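For reference, the chains in residue letters:
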Amino acid sequence: MSTEPRLQLRLALLFLALVVWGCENSPRAHRVTDLATEVAEDGPQDNAADLVDEEIDVLPALATLHNGTTTLVVDPAASRLQLFRGDSLLLEVELESLQLGVVGAFDDAKLYDPYGFFFASILTPAPPLKRWVSATDIAAIEEAGAGLTVQVRFDADRILPLHIAPAADSDRFSLELEQLPVADGLDVPVYVRLRAKVDPTEAFYGLGEVFDKVEHRGTVRAMQMELDSSSESGGNEAHVPIPLLLGTRGWGLFVESYQAGLFDVASVDADRVDLIFAVADGARPLNFKFHLFSEAAPIDLTRHYYELTGFPIRPARWALGPWLWRDENLDQAEVLDDIKQIRDLDLATTGLWLDRPYATAVNTFDFEATHYPAPQEMIDAIHALGLRVALWHTPYLDEAHPATADLLAQAEGLGFYPTKTGLQRLNGWGRPLDFTNPRAVAWWQDHVRAYTDMGVEGFKLDYGEDVVGGALGIRSEWSFYDGSDERDMHARFQHGYHQTYAELLPESGGFLLCRAAAWGDQVRVSVIWPGDLDASFDRYGDTVTPANGNPYNAVGGLPAALVASLSLGPSGFPLFGSDTGGYRHSPPDKETFVRWFESTALSPVMQVGTSDNDLPWVFKPENGFDPESLAWYRQYARLHLRLFPYVWTYLDRLQTDGRPIQRVLGLVHPELGVHPSDVFLLGDSLLAAPVVERGARERSLVLPDGDWLDWWTGESVGGGPLTVAAPLGTLPLFVQAGALVPMLRPTIDAMAPTSDAARVDSYATDAGALWVRTSAGPEHSFELFDHTSVSQASSGVVTTLTAASGEEFVSGAVFEVIAEAAPPSSVLLDGAALSELGGVAELEGSAPGWFYETGTRTLWVRVPAGAHEVVVGR
């Protein structure tokens, strides 16, 4: 991707920032005033006579709804709603904390964005508001099927129904505040506000992609992109905001709205979560719908979000990577040389994508003939080496380039652009296509098929964030074919953009790598990448002064990438891949690059490339890459690919349990009382603590209770705080004692079919034996995605291992039992003595046997296909 459009964006924002600087008398401040105290000078309207009490004699003392072990209590006497799990109170909403933000008259030209309530400036002024109207009491409670309708009084002339419905046997409730037509003379609701009372000590996760810290207590999170003149990107980096908040006491709240909104996560009061969403839509405001749910373990909460919005799409297996790419390929010859280098250097790699420029212009749907004279031959050569190929794409035509003139004329003549476009068109190419128009979608897809028919199986979908609400308090008006506008299309545009490409992917899954997304988009988007992070160790918001002397506030480098990945998993996007090495201010130096690939090797998706085109074998004085860093990269890239059976199994399980694959420590183990943004579990059994500080050669962390083993040395460590050595090239990585980690063979190169099996060791050619790393310890079992199963149980001086072949791993298993202090006294296979082998190399054959490696204290056991039991005596 060229930086030219982003440079234009930065220049435009710089100009706007200079205007703002000249107009403001004081810098932007975080406004922490309690909004509940803010009313207009004329004060609230007086309540008139009760409009509902004439129809009923008595309200029930309590109205209680049970769903599984979760209970929602409506208490008219105390004027509150309470959410319980068992006997534990999780969350409480006092009626006075349910508020309508009203204006005297709705002004369609104004921007009703609650972000300005907390971050007021010339760019984002305080939004229109006359006063906040609080709910005062419950006027009536009516049965409604399995649920209730609670008539909530806000003032004498405004009683709104709150519909509450339990989801079938799922520990979840849906709540919808119905907005009624506004009578003449009444103030018009334009916001709904909910201030929930929570435990003042609990932690909070979810809310989509963020870059500063993964735990949200003390923050205010916008649910849409906002201008931010203080950032080097010009925005707040809310590329994937998800209105899903998870509390570590085991409750979740999801707001089913695409309107502008925000969450104040205990930044004002330690026991309050405050959320405000726009409901402005003319004379009749929008309903406000949200969901409350609970689970015994907070890691299980995201399943409810998936049940409401759809479970994530699974990409093709090769989409997990490692992927390699250059920001700007010179030509076809360079692409062919790159794939040769990949295989000559023995670098485990599953695919590559071509970033721009490769076409004549942006979206001419071709390959530029001078530099890519035989694109079909190039794609065939890529496939021959077991690699798959994707292309960079955007939702625009380059309106200034003569090569797109005919396409542009067609799109305009057929009405394929939005009928009204706002002023936020700073992408550098043109207007986005209107993907709400079915004919426009079909036309675009017909052109994209020029690539998919050649064997392109994935796309990196960049940009598409043009539709924003506005700025300076004024709407940026958009109008689309389906009648929608920017009030929800700032989010929903991504759905149509991504769906257009998702429908063209092969049945095996393909690959969509997307920069931005909205809630529900996980059913289309394979992988999120965080856009253009810094090629550094800088943290989000750090002020950096480079060699040119011009300081900037960083979007963040490696630490920000890790935070983004860990924040997205609980928020509904389990697959994430940052540009390993960073993008802005490239090239990364050797230390940055090594620490980054140490981290991404243990993420679900590994993709490697920078804006400086520095692939691992490109040694330059500017980056410091050398044979040592290349050897380390080879090691970590192969580890990532070898972990495929482990990671894919958790992705398979996610379709039912909803658990993230990469799991932030504080959400899995809130009992530890620590919430680091740089420690995570991969699945149940692996724990990684990447080094994210320049020059650090040791790492402090807290391990959960139990026994753990160092992945590299087999050294045993107990749970609790510890500091470990972390020399460059060594990721602090631990595995639970006794756990089983299924892997591919050590020689694996690729996942996709290859026509050069002598050179490329691919899973598609032969799944081979399943390799399983384990140790003596507490009993564990593991069933893989193909129904292969393995187990380990230890009692005294005996360890029992079992393996049963599944549908794909039909060649038996190799157990790698680490931390064995001495050779075994006996190894029995199904009760018979097993032969000792001459070395590790013999394990790759089909003959059963065992071998003890003294230097690594590892016992290797080869088990044939079928169902078998191994008993190891000591």
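A quick note: this is a predicted structure, and the numbers were derived from the prediction, not measured. (Residues numbered from 1 in each chain as written. Predicted model: local features only at pLDDT ≥ 70, side-chain atom pairs only at ≥ 80, totals over all residues. Heavy atoms only, no water.)

Novice: What's the story with the sheet that holds strand S38 (residues 733-736) in this structure? I'm lost.
Specialist: The pairing of strands in a sheet happens through backbone hydrogen bonds and is either parallel or antiparallel. The six strands lie next to each other as S33-S34-S35-S38-S36-S37, forming an open sheet whose pairing is antiparallel. At either margin of the open sheet sits one strand with a lone partner, and together these are strand S33 (662-664) and strand S37 (716-725). Averaged over all neighbouring strand pairs, the angle between strand axes comes to 25 degrees, with direction disregarded. Contacting S33 and strand S34 (680-682), helix H8 (residues 558-568) runs over the sheet at an angle of about 100 degrees to S33. (Pairing = 2+ DSSP bridges. Helix = DSSP H or I, 4+ residues; strand = E, 2+ residues; numbered from the N terminus. Axes fitted to C-alpha atoms, helices over the stretch in contact; angles between N-to-C directions. Contact = heavy atoms within 4.5 Å.)

Novice: Help me understand the environment of Glu-598, please; the structure alone is not making it clear to me.
Specialist: Relative to the assigned elements, Glu-598 resides in helix H9 (residues 590-600). In this structure, Glu-598 is in contact with Tyr-636, Leu-728, Gly-729, Thr-730 and Leu-731, ignoring residues within four places of it in sequence. At 3.1 Å, the side chain of Glu-598 and the side chain of Arg-595 are in polar contact. (Polar contact = N/O pair within 3.5 Å; in protein donor to acceptor, adjacent residues only side chain to side chain.)

Novice: Whenever I open this one, the packing of aromatic side chains confuses me. Can you help?
Specialist: Two aromatic rings, taken as a pair, are described by how far apart their centres are and by the angle between their planes. Enumeration over the complete set of coordinates arrives at 54 aromatic pairs. With centroids separated by 5.1 Å and ring planes inclined at 85 degrees, the aromatic side chains of Trp-429 and Tyr-463 adopt a geometry described as edge-to-face. Pair noted here: Trp-429 is in the loop between helix H5 (405-413) and helix H6 (438-452) and Tyr-463 is in the loop between strand S24 (458-461) and strand S25 (470-471), with a separation of 34 residues, a long-range link. You can call Trp-429 buried: its relative accessible area is 8%. Accessibility expressed as a relative area gives 10% for Tyr-463, which makes it buried. (Phe/Tyr/Trp six-rings, centres within 6.5 Å; stacked < 30°, edge-to-face > 60°. Buried < 20%, exposed > 50% of the residue type's maximum accessible area, 1.4 Å probe, protein only.)

Novice: Is there a simple way to think about the sheet that holds strand S41 (residues 780-783) in this case?
Specialist: The six strands lie next to each other as S41-S42-S43-S49-S45-S46, forming an open sheet whose pairing is antiparallel. Sheet topology places S41 and strand S46 (832-833) at the edges, where each strand pairs with a single neighbour. Looking at chain direction, strand S45 (residues 826-829) and strand S49 (residues 867-873) are connected through four bridges and run antiparallel. What sits directly across from Val-827, in S49, is Val-872.

Novice: Would you mind going over the environment of Glu-307 with me for this structure?
Specialist: With respect to the helices, strands and loops of the structure, Glu-307 is situated in helix H2 (residues 302-309). Accessibility expressed as a relative area gives 36% for Glu-307, which makes it partly exposed. A distance of 2.9 Å separates polar atoms of two side chains, one belonging to Glu-307 and the other to Arg-172. Here the side chain of Glu-307 touches Arg-303 through a polar contact of 2.8 Å, side chain to side chain.

Novice: Got a minute to help me understand the nonpolar core in this structure?
Specialist: Taken as a class, soluble globular proteins show a tendency for nonpolar side chains to be buried jointly. Phe-367, Leu-602 and Phe-815 are the most contacted members of the largest nonpolar core, which has 176 residues in total. Here this core takes eight residues from H8, the largest share from any one element. Beyond its immediate stretch of four places on either side in the chain, Phe-367 contacts Leu-354, Tyr-358, Ala-359, Tyr-372, Pro-375, Met-378, Ile-379, Leu-391, Tyr-451 and Met-454. Among the nonpolar cores identified, the runner-up in size contains 47 residues, and Leu-91, Leu-160, Leu-207 and Val-273 belong to it. (Core = buried A, V, L, I, M, F, W, Y, C linked by side-chain atoms within 4.5 Å.)

Novice: In this structure, what is going on with the packing of helix H3 (residues 332-344) against helix H4 (residues 375-384)? I would like to understand it.
Specialist: Two packed helices can be described by the angle between their axes and the distance between those axes. Interhelical geometry of H3 versus H4 gives an angle of 10 degrees and a closest axis separation of 10 Å. Accordingly, the angle class assigned to the pair H3 and H4 is roughly parallel. Contact with H3, carried on its side by Gln-332, Val-335, Leu-336 and Ile-339, involves Pro-375, Met-378, Ala-381 and Ile-382 of H4 and no other residues of that element. (Parallel < 35°, antiparallel > 145°, perpendicular 65-115°, else oblique.)

Novice: Is there a simple way to think about the packing of H9 against helix H10 (residues 627-642) in this case?
Specialist: Two elements in contact, H9 and H10, have axes separated by 9 Å at closest approach and are oriented at 15 degrees. With respect to each other, H9 and H10 are oriented roughly parallel. As for how H9 packs across H10, the hand of that crossing is left-handed. Side by side, H9 and H10 meet where Lys-590, Val-594, Phe-597, Glu-598 and Thr-600 of the first sit next to Glu-628, Ser-629, Trp-632, Tyr-633, Tyr-636 and His-640 of the second. Per-class residue counts for the contact of H9 with H10 are five nonpolar, three polar and three charged. (Left-handed = near helix turned anticlockwise from the far one by under 90°. Nonpolar A, V, L, I, M, F, W, Y, C, P; charged D, E, K, R; others polar.)

Novice: What should I look at first to understand H10 in this one?
Specialist: Its 16 residues give H10 an end-to-end C-alpha distance of 22 Å, which sits within 8% of 22 Å, the value for a rise of 1.5 Å per residue. All of the buried residues along H10 are Ser-629, Leu-630, Trp-632, Tyr-633, Tyr-636, Ala-637, Arg-638, Leu-639, His-640, Leu-641 and Arg-642. On its buried face, H10 is in contact with strand S21 (323-326), H9, strand S32 (607-608), helix H11 (644-657), strand S39 (741-743) and strand S40 (770-774). If you check the start of H10, you find a side-chain oxygen 3.1 Å away from the backbone N of Glu-628, and it comes from Asp-626. (Expected span 1.5 Å × (residues − 1).)

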